[in-house]
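Structural overview for review
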Amino acid sequence: MPKTIFGTTERSNFILNMKSETLQKWIHGVLACCIIIPLIGAAVLTLLAKINYFSAAILYATGFTCILFFLIVMLKQDMRFKDSKSYLIIIALALTAVISYYGTLSRSADYIKVALLGNLGRYEGLLSILSYLGIFLLATAVSKESTVERLFDLLVGAGTVEAFVALLQHLPFDFNTSDYKDLPTMAYENVFLSSGLTGSPIFYGAITTLTGAVAVVGAVYSASNRRAKLYAAAALFIFLTGMFTGSVVPLIGEGAVILTLLVIEAVNSAKFGGVKFDGKFLNTSLKRTGAMAVGLILTFVIVLFTQGFYFRDRPIAFYDSFYRLFITNTTTLTDKGKGNIPYTLDFWKEQWGYAVETANAAPVTGVGPDCFALARGQSVNVNDKCYNEFLYIAATRGYISLAAYVTLIISTIVVLCKRMKQFFGDRSKWYIPCMMTAVVGYVIQSCFNASSITTAPFFWLMLGMVWSTRVGKPEKK
């Protein structure tokens, strides 16, 4: 007999009896929307900030649509719950987020609203967290290598769009309307810092790291010369605009990406002879890696000698949270470091200390999703983000949630290490080192950055694809 959903009428048959190949096309389309729609939402948030919660609403739409399609995959039994250990971790993350939200119900109405929807301009409350997890779940259902490659093309395209906006923001023209043209927190004028469509130059570091990783590794290992050339150009462009932010975070992320690539290629060349391609020039992965390294180093040197580097993470963070979004109080007006690394280190040390204090005060439930600023009150020098994603999870959702997240990250890297063996055995699987480099780079930079609805959906999509056990396997008909 034909299958029906929960014993309902045959009207549900078109879902359960849908061919797996057709369902994969739907999954591909929905996941593509998880890149395109948040990008549109980021543009709305950047250009039309007065439209409250619109960008978050379209994130909810994509995230919960992902959950719906994941349930369809499960009902069709194309996948089972036991197929991936990650599902238990995702359930733990979802439960701890829900418990953290319910912990705010005994507090003020402001707490409850922020915990559910997030702060204005941030929107990273419970619904956004659940949306991230939904994107992860559906990404684990991807079964075609071609789908992964097309999603990577979209990610690189999204990074290029962001980089184009970032370049325009850095041009010193009178008509430049960038939010970070000036930094009144420290009385800086005409700094023209780039933030892309992320809302913050610091957040933009997550985009340059994640999309830049896919671009640079794809340029080295993709057998398609056309893709390799386009990815190489995109990688240089994305990495270039990361140096226009006035933040050290893009350099940390981009440095982690380059170092990870060099390690992968060292192993690949030394033990497996590298990858060979058609053509006379740049016809091996080692030569391509060298060319990319030279290009990135030259880009860095040119920027160093033409404009220099001034790290203004502290004034950026407080301008963002106080002047731009009115979430927190301001910072002191003493700029002792004038943009150097020790000054930025002091900023991180200060904010991380506040996060640990907050987490210790509510170790089980945390203070509530996106409620860090509310919990700290309107104190001077306290930001609404502590700029360490791990500590922020502990402070807002508790140590149990942090343990689940750390478990997910470590497990993901273990899975990636195992999958790298597949790449070394079949170098056509170039998307595997892309995943490894992107995840490692993003996690490292997240130790100095904050999650945002303008960047996190891309990361959770990447994590989910890592956990797909179906890629490359024959499709069910």
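The paragraphs below set out a description of the structure included in this document.

Calculation notes
Residues numbered from 1 in each chain as written. Predicted model: local features only at pLDDT ≥ 70, side-chain atom pairs only at ≥ 80, totals over all residues. Heavy atoms only, no water. Helix = DSSP H or I, 4+ residues; strand = E, 2+ residues; numbered from the N terminus. Buried < 20%, exposed > 50% of the residue type's maximum accessible area, 1.4 Å probe, protein only. Areas by Shrake-Rupley, 256 points an atom, 1.4 Å probe, with all protein chains shown as cover. Phe/Tyr/Trp six-rings, centres within 6.5 Å; stacked < 30°, edge-to-face > 60°. Lys NZ or Arg CZ within 6 Å of the ring centre and 35° of its normal. Expected span 1.5 Å × (residues − 1). Bend = angle between axes of the 7 residues up to and from the residue. Polar contact = N/O pair within 3.5 Å; in protein donor to acceptor, adjacent residues only side chain to side chain. Axes fitted to C-alpha atoms, helices over the stretch in contact; angles between N-to-C directions. Parallel < 35°, antiparallel > 145°, perpendicular 65-115°, else oblique. Left-handed = near helix turned anticlockwise from the far one by under 90°. Contact = heavy atoms within 4.5 Å. Nonpolar A, V, L, I, M, F, W, Y, C, P; charged D, E, K, R; others polar. Core = buried A, V, L, I, M, F, W, Y, C linked by side-chain atoms within 4.5 Å. Salt bridge = Lys/Arg side-chain N within 4 Å of Asp/Glu carboxyl O.

1. Comments concerning the overall build of the chain
- A tally of regular secondary structure across the chain gives 18 helices and 0 strands.
- By its C-alpha atoms, the chain is 70 × 65 × 40 Å across when sized along the principal axes.
- Put simply, the chain has 477 residues, and 59% of those count as buried.
- For the chain, the accessible surface area stands at approximately 19,600 Å², while carbon and sulfur atoms represent 67% of it.

2. Re the packing of aromatic side chains
- Inspection of the entire model under this criterion finds 27 aromatic pairs.
- A centroid spacing of 4.7 Å and a plane angle of 10° characterise the contact between phenylalanine 272 and phenylalanine 424, whose relative ring orientation is stacked. Residue phenylalanine 272 is located in helix α10 (residues 249-272), and its partner phenylalanine 424 is located in helix α16 (residues 399-425); the two are separated by 152 residues in the primary sequence.
- In this structure phenylalanine 272 comes out as partly exposed when scored by relative accessible area, which is 36%.
- Their ring planes at 20° and their centres at 6.4 Å tell us that phenylalanine 309 and phenylalanine 311 sit as a pair that is stacked. For the pair phenylalanine 309 and phenylalanine 311, a shared accessibility class is recorded, and that class is buried.
- Three or more aromatic residues joined by ring pairs make a cluster, and in this case those are Tyr132, Phe136, Phe390, Tyr405, Tyr442, Phe459 and Trp460.
- Across the ring face of phenylalanine 277, the terminal group of arginine 288 is positioned such that the distance to the ring centre comes to 3.6 Å.

3. Quick notes on helix α8 (residues 201-221)
- Taking 1.5 Å of rise per residue, 21 residues should cover 30 Å, and α8 covers 30 Å from first to last C-alpha, within 8% of that figure.
- At glycine 212, α8 shows its largest kink, close to 30°.
- Within α8, 21 of the 21 residues are buried, leaving the element largely enclosed by the surrounding structure.
- Here α8 starts with a cap whose side-chain oxygen sits 3.1 Å from the backbone nitrogen of isoleucine 202, and that cap is serine 200.

4. A few points about the packing of α8 against helix α18 (residues 456-466)
- Contact pair α8 / α18: the axes reach a minimum separation of 10 Å and the direction vectors enclose 40°. By the criterion of interaxial angle, the relationship of α8 to α18 is oblique. Pair α8 / α18 crosses with left-handed handedness. For the pair α8 and α18, the contacting residues are Ile207, Leu210 and Val214 in the first and Phe458, Phe459 and Met462 in the second.
- Class assignment for the residues of the contact of α8 with α18 results in 6 nonpolar, no polar and no charged.

5. Thoughts on the nonpolar core
- Grouped together as the largest cluster of nonpolar side chains are 126 residues, with contacts concentrated most on Leu31, Phe152, Trp460 and Met462.
- Broken down by element, this core gets its largest block of residues, 12 residues, from α8.
- Discounting chain neighbours no more than four positions away, the residues touching tryptophan 460 are Ile90, Leu93, Tyr132, Leu133, Ile135, Phe136, Tyr405 and Leu408.

6. Looking at the pattern of salt bridges
- Inspection of every chain in the model, using the stated rule, returns 10 salt bridges.
- Taking the shortest distance from any N to any O, the salt bridge between arginine 122 and aspartate 384 comes out at 2.8 Å. Here the residue arginine 122 occupies a position in the loop between α5 (109-117) and α6 (126-139), and aspartate 384 occupies one in the loop between α14 (372-376) and α15 (389-397), the gap between them amounting to 262 residues.
- Classification of arginine 122 as buried rests on a relative accessible area of 4%.
- When its relative accessible area of 1% is taken as the criterion, aspartate 384 is described as buried.
- A salt bridge links aspartate 320 to arginine 324; its shortest N-O distance comes to 2.8 Å. Taken together, the residues aspartate 320 and arginine 324, both in helix α12 (residues 313-324) and 4 residues apart, mark about one turn of the helix.
- Three or more residues are tied together by salt bridges with common partners; here these are Arg122, Asp179, Asp320, Arg324 and Asp384.

7. Observations concerning the side chain of glutamine 169
- Mapping glutamine 169 onto the fold places it in helix α7 (residues 145-170).
- Within polar-contact distance, the side chain of glutamine 169 engages the backbone nitrogen of serine 195 at 2.8 Å.
- Within polar-contact distance, the side chain of glutamine 169 engages the backbone nitrogen of glycine 196 at 2.8 Å.
- Filtering out sequence-adjacent residues up to four positions away, glutamine 169 remains in contact with Asn176, Ser178, Phe192, Leu193, Ser194, Ser195 and Gly196.

Bear in mind that shape data such as this cannot, by itself, settle questions of function.
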